[in-house]
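Coordinates in review
Chain residues, written in single-letter form:
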Amino acid sequence: MAKAYEVKINEKVGACDSATFEKMAQNGDINSEKVTENVGKVITLTGYMKDGMDFDSAEIEQMCIPKHFSSKIMRGIRITENSLLPVYAKGDILLLDEDMARSGDTAVVQNMKTRKLYVRKIIVKDSNCYELHPVHGRGTVITITQEERTEWFDYGRIITVLRSNELNDEEE
């Protein structure tokens, strides 16, 4: 059974697996004063997660985020299926910042009309349109014109991935 450390400071509660906690403690990223800086919120989408999924429900969980990312992270999204392999695997956590995605960045975006959520690479064609390319190389490219930009919501660009194999605690 995996252990979890629970931390409570000034009404903030968070939990993370022992390997993450111990790694952060060894790096000096975490102590009684620094814990609140390292607890972040991660969105866990419910239902079958795939590129172009219906985004209609989610759960919020708290987790430890390495200190060097804590000031940059706006939110995280946990991958709940293997449909985005080989790029992202079940259990990976995408850490997003609020900066506008640039050409070549990967971002999480939602079409507000269809409620479909996509994890896509952004390619700017010109000032009037850009394209959303599937990160795993399967599916169609979505072209968004200047007029259609208001139909899309940008959840943030992916600045790093916490891999599921790095998050899992060793079996005892």
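Not measured: the values here are computed from a predicted model. (Residues numbered from 1 in each chain as written. Predicted model: local features only at pLDDT ≥ 70, side-chain atom pairs only at ≥ 80, totals over all residues. Heavy atoms only, no water.)

1. Some remarks on the overall build of the protein chain
When you go through the protein chain residue by residue, the secondary structure sums to three helices and 12 strands. Relative to its 172 residues, the protein chain shows a buried fraction of 45%. Here the protein chain displays about 9800 Å² of accessible surface, and carbon together with sulfur accounts for 48% of that area. (Helix = DSSP H or I, 4+ residues; strand = E, 2+ residues; numbered from the N terminus. Buried < 20%, exposed > 50% of the residue type's maximum accessible area, 1.4 Å probe, protein only. Areas by Shrake-Rupley, 256 points an atom, 1.4 Å probe, with all protein chains shown as cover.)

2. Focus on the packing of aromatic side chains
On inspection of all chains with the given rule, the structure shows two aromatic pairs. Both rings, one in Phe153 and one in Tyr155, keep their centres 4.7 Å apart while their planes meet at 85 degrees; by these two values the pair is edge-to-face. What makes Tyr155 buried here is its relative accessible area of 13%. (Phe/Tyr/Trp six-rings, centres within 6.5 Å; stacked < 30°, edge-to-face > 60°.)

3. Quick look at the nonpolar core
Ranked by size, the top nonpolar core spans 18 residues in total, and within it Leu45, Tyr88, Leu94, Val108, Val119 and Ile158 carry the most contacts. At the level of elements, β3 (39–45), β7 (93–97), β9 (116–126) and β12 (152–162) are the ones that each hand at least two residues to this core. With three residues, β12 is the largest single contributor of residues to this core. Excluding anything up to four places from it in sequence, Tyr88 contacts Ile79, Leu94, Thr106, Val119, Val135, Ile158, Val161 and Arg163. (Core = buried A, V, L, I, M, F, W, Y, C linked by side-chain atoms within 4.5 Å. Contact = heavy atoms within 4.5 Å.)

4. Some details on the confidence of the model for the protein chain
Should pLDDT be low for a region, the predicted coordinates there are not to be read in detail. Confidence in the prediction for the protein chain averages 77 pLDDT; 67% of positions are at 70 or higher. Segment residues 1–14 is flagged for pLDDT under 50; beyond a separation of four residues in sequence, or across chains, it makes 31 contacts in the model. Every residue in residues 32–38 scores below 50 in pLDDT, and together they form 20 contacts with partners more than four places removed in sequence or on other chains. (pLDDT = per-residue confidence, 0-100.)

5. Considering the side chain of Asn111
In this fold, Asn111 is placed in strand β8 (residues 106–111). Take Asn111: its relative accessible area is 9%, and that puts it in the buried class. Within the structure, the side chain of Asn111 is placed 2.8 Å from the backbone nitrogen of Lys113, a separation counted as a polar contact. In this structure Asn111 touches Lys116, Glu151 and Trp152, once residues within four positions along its chain are discounted. (Polar contact = N/O pair within 3.5 Å; in protein donor to acceptor, adjacent residues only side chain to side chain.)

6. Digging into the pairing of β9
Here strand β4 (residues 53–54) runs beside β9; their pairing, made up of two bridges, is antiparallel. Bridge assignment links Asp54 to a residue of β9, and that residue is Lys116. Relative to β9, β8 runs antiparallel, the two being bridged by five bridges. Paired with Ala107 across the two strands is Arg120, which belongs to β9. (Pairing = 2+ DSSP bridges.)

7. Brief notes about the environment of Ile77
Looking at where Ile77 falls in the secondary structure, it is placed in strand β6 (residues 75–78). Residues within four places of Ile77 in sequence aside, it is in contact with Val42, Ile43, Leu45, Met49, Asp92, Ile93, Leu94, Leu96 and Val108.

8. Brief notes about the environment of Ser83
With respect to the secondary-structure elements, Ser83 resides in the loop between β6 and β7. Along the primary structure Ser83 and His136 are separated by 53 residues, whereas in three dimensions their C-alpha atoms are 8.8 Å apart. Residues in contact with Ser83, not counting those within four places in the same chain, are Tyr48, Met49, Lys50, His136 and Arg138.

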